[in-house]
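An overview of the molecular structure
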Amino acid sequence: MDNEKVVLQSIAEDLRTCLPVEAMLPSESLAIEKAQQDSKPTVHVDAFLYDEEAVDLLCEEGKMSRDYCLLCGSHRTAPLGFISHSFSALELRFLFQNVLPDLSGKMLVDVGSRLGAVLYGGCLYSSAAQLVGVEISAEFANLQRMVVEKYGFTDRVQVIHADICTQASLLQNADVIVMNNVFEYFLESTEQMRAWHCIGQNVRKKGALLVTVPSVQEAFSALQGMNGVIDINQWLEEVPLDYDVYLGKDTDPESFKQIHLYKVL
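These numbers were taken from a predicted model, which means no experiment stands behind them.

Reading the values: the criteria
- Residues numbered from 1 in each chain as written.
- Predicted model: local features only at pLDDT ≥ 70, side-chain atom pairs only at ≥ 80, totals over all residues.
- Heavy atoms only, no water.
- Buried < 20%, exposed > 50% of the residue type's maximum accessible area, 1.4 Å probe, protein only.
- Helix = DSSP H or I, 4+ residues; strand = E, 2+ residues; numbered from the N terminus.
- Phe/Tyr/Trp six-rings, centres within 6.5 Å; stacked < 30°, edge-to-face > 60°.
- Core = buried A, V, L, I, M, F, W, Y, C linked by side-chain atoms within 4.5 Å.
- Contact = heavy atoms within 4.5 Å.
- Salt bridge = Lys/Arg side-chain N within 4 Å of Asp/Glu carboxyl O.
- Pairing = 2+ DSSP bridges.
- Axes fitted to C-alpha atoms, helices over the stretch in contact; angles between N-to-C directions.
- Polar contact = N/O pair within 3.5 Å; in protein donor to acceptor, adjacent residues only side chain to side chain.
- Parallel < 35°, antiparallel > 145°, perpendicular 65-115°, else oblique.
- Left-handed = near helix turned anticlockwise from the far one by under 90°.

1. A short note on helix α5 (residues 117–125)
Here α5 lies mainly inside the structure; eight of its nine residues are buried. Three or more residues of α5 are buried, namely Ala 117, Val 118, Leu 119, Tyr 120, Gly 121, Gly 122, Cys 123 and Tyr 125.

Here it is as structure tokens:
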């Protein structure tokens, strides 16, 4: 096992002791409600905190289930949908070693940095000069700062507790912007549109890179009223990615395919 993975696992263990199993805060009631409204029952499982082995262990202990009952009292079950708001350790390695170019001297901004997985992955797997997380939740921002201090990342990592719409200058100067399931579950449609408008107005540095999950097209299609507000084709060019890479026995190309890369025109 590589040293970077060992460090990421150690960070995940530290964070698990600070959070409930679903890694959701009481203040995130909207996200919990949206997951419950999905046509297929969906639960929050943070992929950074829990890899497949950890999920299996939780299921064995009765703390989590992979299935739900189709009819109360019957034995007919179907798989639950899992939603994660963090990249797994393997996805982080794929992101920094296969998706992004050399980041020497560059600044990366993670919008909605949550548990800080992208920041830690960037420290371990890239040469980025600056890794900045912007997180609207004070609780999550404080958790990230705790990890940054403990693991000695302070020279390259900064965590800002703020709404991304107040960080225009930061967005304008960023070389890479990462957005992983950042708005869809946490903001009402009007707030999502406001946030995307802010991103579209300020992420204009020619050649800057934008990494998103889901794709920008999918995010916009879910927001009626967004089409026409920002012309994606005039703003971004999608960069084709090779998802067929082998990063060890746990490699899951399907999970990599949710990651999209764009270049600012």
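That covers the picture; the talk isn't over yet.
2. Concerning the packing of aromatic side chains
For the structure on display, the rule yields seven aromatic pairs. Aromatic side chains Tyr 151 and Phe 153 sit 6.3 Å apart centroid to centroid with 25 degrees between the ring planes, which places their arrangement in the stacked category.

3. Brief notes about the nonpolar core
Phe 48, Leu 49, Phe 96, Leu 100, Leu 108 and Tyr 120 are the most contacted members of the largest nonpolar core, which totals 52 residues. Among the elements of the structure, α1 (3–16), α4 (89–99), α5, α6 (138–150), β7 (157–161), β8 (176–180) and β9 (209–213) are those that each provide at least two residues to this core. Ranked by the residues each element gives to this core, the list is headed by α4, at seven residues. Excluding residues within four positions of it along the chain, Leu 108 makes contact with Phe 96, Leu 100, Leu 103, Val 118, Gln 130, Leu 131, Val 132, Val 176 and Val 178. Core analysis: the next-biggest nonpolar cluster, separate from the first, contains 32 residues, Val 109, Val 134, Val 216 and Leu 223 among them.

4. Topic: the pattern of salt bridges
Using the criterion set out here, one finds six salt bridges in the structure. Between Lys 257 and Glu 254 there is a salt bridge, and its shortest N-O distance comes to 3.2 Å. Using a relative accessible area of 41% as the deciding quantity, one classes Lys 257 as partly exposed. Put simply, Asp 163, Glu 191 and Arg 194 are held in one network by salt bridges that share partners.

5. Some details on the sheet that holds β8
Pairing is mixed in the open sheet, where seven strands are placed in the order β7-β6-β5-β8-β9-β11-β10. Where the open sheet ends on each side, the last strands, each with one partner, are β7 and β10 (236–239). Strand-to-strand twist in this sheet, taken as the mean axis angle between neighbours without regard to direction, amounts to 20 degrees. Bridging between β8 and β9 involves five bridges; their strand directions are parallel.

6. A look at unusual backbone geometry
Note that the residue after Val 213, namely Pro 214, is joined by a cis bond; omega there is -5 degrees. Even without being glycine, Arg 114 reaches a positive phi, approximately 55 degrees. Following the sequence through the fold, Arg 114 ends up in the loop between β5 (107–111) and α5. The class for Arg 114 is buried, based on a relative accessible area of 6%. The phi torsion at Asn 181 lies on the positive side, around 45 degrees, for a residue other than glycine. Within the secondary structure, Asn 181 sits in the loop between β8 and α8 (189–202).

7. Examining the side chain of Gln 192
Positionally, Gln 192 belongs in helix α8. A relative accessible area of 6% places Gln 192 in the buried class. For Gln 192, the side chain forms a polar contact with the main-chain oxygen of Leu 187, separated by 3.0 Å.

8. A short note on the packing of α1 against α6
It is the contact of α1 with α6, at a shortest axis distance of 11 Å, that shows an interaxial angle of 140 degrees. The orientation of α1 with respect to α6, classified from their angle, is oblique. Considering how the two elements wind past one another, α1 and α6 form a crossing that is right-handed. Contact residues: Ile 11, Asp 14 and Leu 15 in α1; Leu 143, Met 146, Val 147 and Lys 150 in α6.

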